[in-house]
Amino acid sequence: MPLDPKRVQAIFLEAANYHDLAERAAIVDRECLGDTELRKRIEALLKAHDRFNDFVNQPLVGPDGRAPRF
């Protein structure tokens, strides 16, 4: 059965509000209840979200005054 996009979005948005990995895991555990496909989708979204935030939060200029290498 296909995943409900609204449910995926709601769980992702709830979990993404937490930076503490234990809190996030508790939310994902509670909401996915053994649904491995749903869990994989949520975890993939959270991983992409974190990578994006890591990139966006990189300083434009490093401590030496030069641009960081990506």
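Residues numbered from 1 in each chain as written. Predicted model: local features only at pLDDT ≥ 70, side-chain atom pairs only at ≥ 80, totals over all residues. Heavy atoms only, no water.

**Student:** Just to check I follow, could you spell out helix H2 (residues 21-32) for this structure?
**Tutor:** Under the 1.5 Å per step criterion, the end-to-end length of H2 is 16 Å for 12 residues, consistent within 8% with the ideal 16 Å. Residues of H2 that are buried: Arg-24, Ile-27, Val-28 and Cys-32. For H2, the angular spread of buried residues about the axis comes to 110 degrees, placing them on one side. With its phi angle positive at about 40 degrees, Leu-33 sits one or two positions after the end of H2. (Helix = DSSP H or I, 4+ residues; strand = E, 2+ residues; numbered from the N terminus. Expected span 1.5 Å × (residues − 1). Buried < 20%, exposed > 50% of the residue type's maximum accessible area, 1.4 Å probe, protein only. Arc of directions from axis to C-beta.)

**Student:** Teacher, can you tell me more about the nonpolar core here?
**Tutor:** Soluble, globular proteins show a tendency: their nonpolar side chains are buried together. Core analysis: the biggest nonpolar cluster contains 12 residues, these being Leu-3, Val-8, Ile-11, Phe-12, Ala-15, Ala-16, Ile-27, Val-28, Cys-32, Leu-38, Ile-42 and Leu-46. Of all the secondary-structure elements, those providing two or more residues to this core are helix H1 (5-16), H2 and helix H3 (36-56). Ranked by the residues each element gives to this core, the list is headed by H1, at 5 residues. Setting aside chain neighbours within four positions, we find Ile-42 in contact with Val-8, Ile-11, Phe-12, Val-28 and Cys-32. (Core = buried A, V, L, I, M, F, W, Y, C linked by side-chain atoms within 4.5 Å. Contact = heavy atoms within 4.5 Å.)

**Student:** Mind showing me how you'd approach unusual backbone geometry here?
**Tutor:** Backbone geometry follows two general trends: most residues other than glycine have a negative phi, and most peptide bonds adopt the trans configuration. For Leu-33, which is not glycine, the phi dihedral falls at a positive 40 degrees. Looking at the element boundaries, Leu-33 is found in the loop between H2 and H3.

**Student:** I keep staring at the pattern of salt bridges and nothing clicks. Help me out?
**Tutor:** When their charged atoms lie close together, side chains carrying opposite charge are able to pair. Under the defined criterion, the tally for this structure stands at 5 salt bridges. With a shortest N-O distance of 2.7 Å, Glu-14 and Arg-30 are connected by a salt bridge. Taken together, the residues span a long stretch of sequence, with Glu-14 in helix H1 and Arg-30 in helix H2 at a distance of 16 residues. With a closest N to O distance of 3.0 Å, Arg-30 and Glu-31 form a salt bridge. (Salt bridge = Lys/Arg side-chain N within 4 Å of Asp/Glu carboxyl O.)

**Student:** In this structure, what is going on with the side chain of Arg-24? I would like to understand it.
**Tutor:** Examined against the element boundaries, Arg-24 turns out to sit in helix H2. Residue Arg-24 is classed as buried on the basis of its relative accessible area, which comes to 6%. Look past the residues within four positions of Arg-24 in its chain and what remains in contact with it is Ala-15, Ala-16, Tyr-18, Leu-46, His-49 and Asp-50.

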